[in-house]
Amino acid sequence: MEFRDYYKVLGVERAAAADQIKGAYRRLARKYHPDVSKEPNAEARFKEMQEAYEVLKDPEKRAAYDQLGADWKAGQQFRPPPDWGSGFEFSGAGRPGSAGRRAGRGARSEAEGGEQDFSDFFSSLFGGGTPFGQAGPRAGRDHHARVEISLEEAFQGTTRMLELKRPELKPDGSLELRAHTVRVSIPAGVSEGQLIRLAGQGEPARGGGAAGDLYLEAHIQPHRLFQLDGRDVTLTLPVAPWEAALGGSVAVPTLGGTVEMQIPAGAQSGQKLRLRGRGLPGQPPGDQYLQLKVVLPPATSPEAKALYEEMRGKLNFDPRADLTR
Amino acid sequence: MVRVTQRLEAHVLGEGDWLAARQICELCRLDLEVVMELAELGVVAPRAAAAGEWQLPATALPRLRVAGRLMRDLGLNVSGAALALELLEAQHELERRIRTLERLAGDH
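Just so we're clear, the structure is a prediction, and the values are computed from it rather than from any experiment.

Reading the values: rules and limits
- Residues numbered from 1 in each chain as written.
- Chains lettered and ligands numbered in written order.
- Predicted model: local features only at pLDDT ≥ 70, side-chain atom pairs only at ≥ 80, totals over all residues.
- Pairing = 2+ DSSP bridges.
- Helix = DSSP H or I, 4+ residues; strand = E, 2+ residues; numbered from the N terminus.
- Contact = placed C-beta atoms within 7 Å.
- Axes fitted to C-alpha atoms, helices over the stretch in contact; angles between N-to-C directions.
- Nonpolar A, V, L, I, M, F, W, Y, C, P; charged D, E, K, R; others polar.

Student: Looking at this structure, I do not really get the sheet that holds strand 3 (residues 18-20) of chain B. What am I missing?
Tutor: Strand pairing in a sheet relies on backbone hydrogen bonds, with the paired strands running either antiparallel or parallel. Residue and element names in this part refer to chain B. The strand order 3-5-4 describes an open sheet built from three strands, whose pairing is antiparallel. The open sheet is flanked by strand 3 and strand 4 (47-48), the only strands paired with a single partner. Looking at chain direction, strand 3 and strand 5 (residues 54-57) are connected through three bridges and run antiparallel. Bridging from a neighbouring strand, Ala-20 pairs with Gln-55 of strand 5. Along the sheet face, helix 1 (residues 21-28) touches strand 3 and strand 5 and points at about 80° away from the line of strand 3.

Student: How do you make sense of the interface of chain A and chain B when you look at a structure like this?
Tutor: Bring the parts together and some accessible area is lost; that lost area is often taken as the interface size. Across the boundary between the two partners, chain A contributes 44 residues, which contact 40 residues of chain B. Those elements giving two or more residues to the side of chain A that touches chain B turn out to be helix 2 (18-32), helix 5 (110-113), strand 3 (175-186), strand 4 (195-198), strand 5 (214-220), strand 6 (226-229), strand 7 (232-239) and strand 11 (288-294) of chain A. At seven residues, strand 3 of chain A tops the list of elements feeding residues into the side of chain A that touches chain B. For the side of chain A that touches chain B, the residue count by class is 14 nonpolar, 17 polar and 13 charged. In this sheet, strand 2 (residues 11-13) of chain B lies alongside strand 4 of chain A in antiparallel orientation, the contact comprising three bridges. Across the sheet, Arg-197 of chain A pairs through a bridge with His-11 of chain B, a residue of strand 2 of chain B.

Put into structure tokens, the structure is as follows:
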């Protein structure tokens, strides 16, 4: 695994005081927080910063990290020393996040919730199985994960292979995270942000009790054609001027396949039409909206130019009549 | 070759599903007291269940998770998180409407 320079990640000197570290983290968190940031790779940067702050804000972990020495460079191949963690006394139960560090009042640290997704470097130094990561018996907690699906998958239902990591007790009494793969059937009609519960797939109980549940939060990827709003979908439908003016039947793509639809005579650009029940399935199902966009044929050929000239001569049409009244 | 050790059937939680406030707090890493303060500010609408227990709609979880992250990671207080949440949602709605208008105008 590669060494991580936590001081470099937060942009502080190795001798930085605790309040300088906190200040640096706050400034970077404001810039890269995935809920508010538009920076590229904000989520990955933010995770790195969280990991660095998790170590440097905790005097015990920071002291242990500092003992590795100042000669390591980010990206260098690294293995924890064999006597790692010896010679330290740990406050609290030794669990990550137990040293009473909370950011906003009433908001528990991610570590306290057991939801970290930190690097192998962090896990090898401070995770389960190390003196920093010992945990006492307790009932299994609910876990939460994010799952991304396409709009078509949300419409039709889908299956996903998920790799779940579970802490398991090793013969020496320490815990290690072990991965196992499950196939999850996601029913049709899942909408943006909707929760999917997998009973008993959360954290296993330690020392008796029921395992927690796993909650997946569904996120639907942006679609090339359709825009999603709740269970409704909107499609911008280009139409020719004569289709808008005279009406006519046009082929319209929907999530369930192409359908024929009648455009009413006298339709205008921007007008919305509805295909009832053609959105995402549900009780009730969503609708599909068509936003009409009148597209003019280019006047590049002599025939097209002649037709436009004829319209100009024969139609008494002033699109700016309202402006001059 | 991936070895599948289990096949699981998912239960989708919809608008009619309610979760115990305790469960929601655990999933959002928030204290119950904070969730109730967020409820007072209109962020979520809990209902009383049996014997002094509270329940929250399952649909409230994504909002509460964002609120929890903002409080935890940026050090916001409850009012700040509620305001940030409202502004972020307004921003997302405006971005959605801009995308619709851009499609109509043919920019994208």
